[in-house]
Amino acid sequence: MKTKDKILSKALELFNEKGYNNITTRHIAAELHISAGNLHYHFKHSEDIITILFSELTLEMDELLNQMKKKENKSLEDLYQFTYSTCEIFYSYRFIFINFIDILNRNPDIKANYEGINFSRKEEFQLIFSDLQKNNIFLKDVPHFIIDGLVEQIFIIADNWLTHNRLILKLNPNEAIQHYTLLQMNLFYPLLNKEQQKLYVQQYIR
């Protein structure tokens, strides 16, 4: 692994474990047993590391969304696996969401990218939901304002569930990912046809 990749990997680990506001480039360098100068050759500031990590998060979500969009006959299980994988990815970069406001305020580039992502993601989710309607997973006569509201609800939960877990439920990683996957999946239940609702309860509600 190249030094730059080692720095990013260690930084992600430390930010997740000890908090965004508690880690500096010197901490990262010390953990890697390299000089601060060596680290600064690759990244001048910790914010440069944050920018790359946010880009990596975005790329992982892009790939997951592209895989979902390419599926021709989307099923309820596809939707569940997509939601579960999203929670896994978000947990891997949990420090970003737990410190979201601080990060956005300190890094205008990330803030601009996040605003752009929100716009594009909305269209992508609406296309996925449209396919689920065509495949008779979702009801076909769902008003557009319900779909629009659903997308916004998903974004609100996705961006904030990690903070909620840390403050309130305090579930371990596996329990948290499972719990918040189902919490988001429950939003889809009213949109499922009766057959899919029965399947949902049988497969996912314990």
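Since this is a predicted model, take the numbers as computed values, not measurements.

The rules behind the values
- Residues numbered from 1 in each chain as written.
- Predicted model: local features only at pLDDT ≥ 70, side-chain atom pairs only at ≥ 80, totals over all residues.
- Heavy atoms only, no water.
- Phe/Tyr/Trp six-rings, centres within 6.5 Å; stacked < 30°, edge-to-face > 60°.
- Helix = DSSP H or I, 4+ residues; strand = E, 2+ residues; numbered from the N terminus.
- Buried < 20%, exposed > 50% of the residue type's maximum accessible area, 1.4 Å probe, protein only.
- UniProt positions renumbered as here; feature names shortened; annotations may be inferred.
- Patch = residues over 30% accessible without salt bridge, like charges linked within 9 Å, V, L, I, M, F, W, Y side chains within 5 Å.
- Areas by Shrake-Rupley, 256 points an atom, 1.4 Å probe, with all protein chains shown as cover.
- Salt bridge = Lys/Arg side-chain N within 4 Å of Asp/Glu carboxyl O.
- Polar contact = N/O pair within 3.5 Å; in protein donor to acceptor, adjacent residues only side chain to side chain.
- Contact = heavy atoms within 4.5 Å.
- 1 Å grid on protein atoms, 1.4 Å probe; cavity = no way out; pocket = protein on both sides within 12 Å on 5 of 7 lines; lining within 4 Å.
- Points joined across faces, edges and corners; volume = space filled by probe spheres on them.
- Nonpolar A, V, L, I, M, F, W, Y, C, P; charged D, E, K, R; others polar.

Novice: Teacher, can you tell me more about the packing of aromatic side chains here?
Specialist: Geometrically, a pair of aromatic rings is defined through the distance of the ring centres and the angle of the planes. Under the counting rule described, the total for this entry stands at 16 aromatic pairs. A centroid spacing of 6.0 Å and a plane angle of 35° characterise the contact between Phe 138 and Phe 188, whose relative ring orientation is tilted. Of this pair, Phe 138 sits in the loop between helix 8 (108-134) and helix 9 (144-169) while Phe 188 sits in the loop between helix 10 (173-185) and helix 11 (194-204), and the two are 50 residues apart along the sequence. Take Phe 138 and Phe 188: they sit in the same class, and that class is buried.

Novice: Explain unusual backbone geometry here, please?
Specialist: Glycine aside, residues mostly have negative phi angles, and peptide bonds mostly take the trans form. Even without being a glycine, His 33 presents a positive backbone phi close to 60°. Residue position: His 33 is located in the loop between helix 2 (25-32) and helix 3 (36-42). Of note in this structure, Asn 136 is not a glycine but carries a positive phi near 60°. Within the secondary structure layout, Asn 136 lies in the loop between helix 8 and helix 9. On the basis of relative accessibility, which here comes to 44%, the residue Asn 136 falls in the partly exposed class.

Novice: I'm lost on the UniProt feature "DNA-binding region" (unreviewed entry) in the protein in this one. Help?
Specialist: UniProt's entry tags residues 24-43 with the feature "DNA-binding region" (unreviewed entry), counted in the numbering of this structure. Note that residues 24-43 is 75% helix and 0% strand, and that its end C-alpha atoms are spaced 12 Å apart.

Novice: I tried to follow a nonpolar patch on the surface on my own but got confused; where do I start?
Specialist: Among the surface-exposed residues, Leu 167, Ile 168 and Leu 169 lie close enough to one another that they form a single nonpolar patch of about 300 Å² accessible area. Locating Leu 167 in the fold gives a position in helix 9.

Novice: Is there a simple way to think about the pattern of salt bridges in this case?
Specialist: Tallied over the full model, the rule gives 6 salt bridges. Taking the shortest distance from any N to any O, the salt bridge between Glu 13 and Lys 10 comes out at 3.3 Å. Of the two residues, Glu 13 and Lys 10 are both situated in helix 1 (residues 3-18); the distance of 3 residues between them amounts to about one turn of the helix. Of the charged contacts, one joins Asp 62 and Arg 121 as a salt bridge, the two residues approaching to 2.8 Å between their closest N and O atoms.

Novice: Would you mind going over the side chain of Lys 74 with me for this structure?
Specialist: The topology assignment puts Lys 74 in the loop between helix 4 (46-70) and helix 5 (76-92). At a separation of 3.3 Å, a polar atom in the side chain of Lys 74 contacts the main-chain carbonyl oxygen of Met 68. Every residue in contact with Lys 74, bar those within four places of it in the chain, is listed here: Met 68, Lys 69, Ile 128, Asp 131, Leu 132, Asn 135 and Ile 137.

Novice: Would you explain empty space enclosed by the protein in this entry?
Specialist: If you roll a probe as big as a water molecule over the atoms, it shows you where there is empty space left. This model, assessed by the stated rule, comprises 1 cavity of 30 Å³ or more. By volume, the largest cavity amounts to about 330 Å³. For the largest cavity, the lining is made up of 21 residues, of which Met 61, Phe 90, Ile 117, Arg 121 and Asp 159 are closest to its centre. At the level of elements, helix 4, helix 5, helix 8 and helix 9 are the ones that each hand at least two residues to the lining of the largest cavity. Broken down by element, the lining of the largest cavity gets its largest block of residues, 5 residues, from helix 8. The class makeup of the residues in the lining of the largest cavity is 14 nonpolar, 5 polar and 2 charged.

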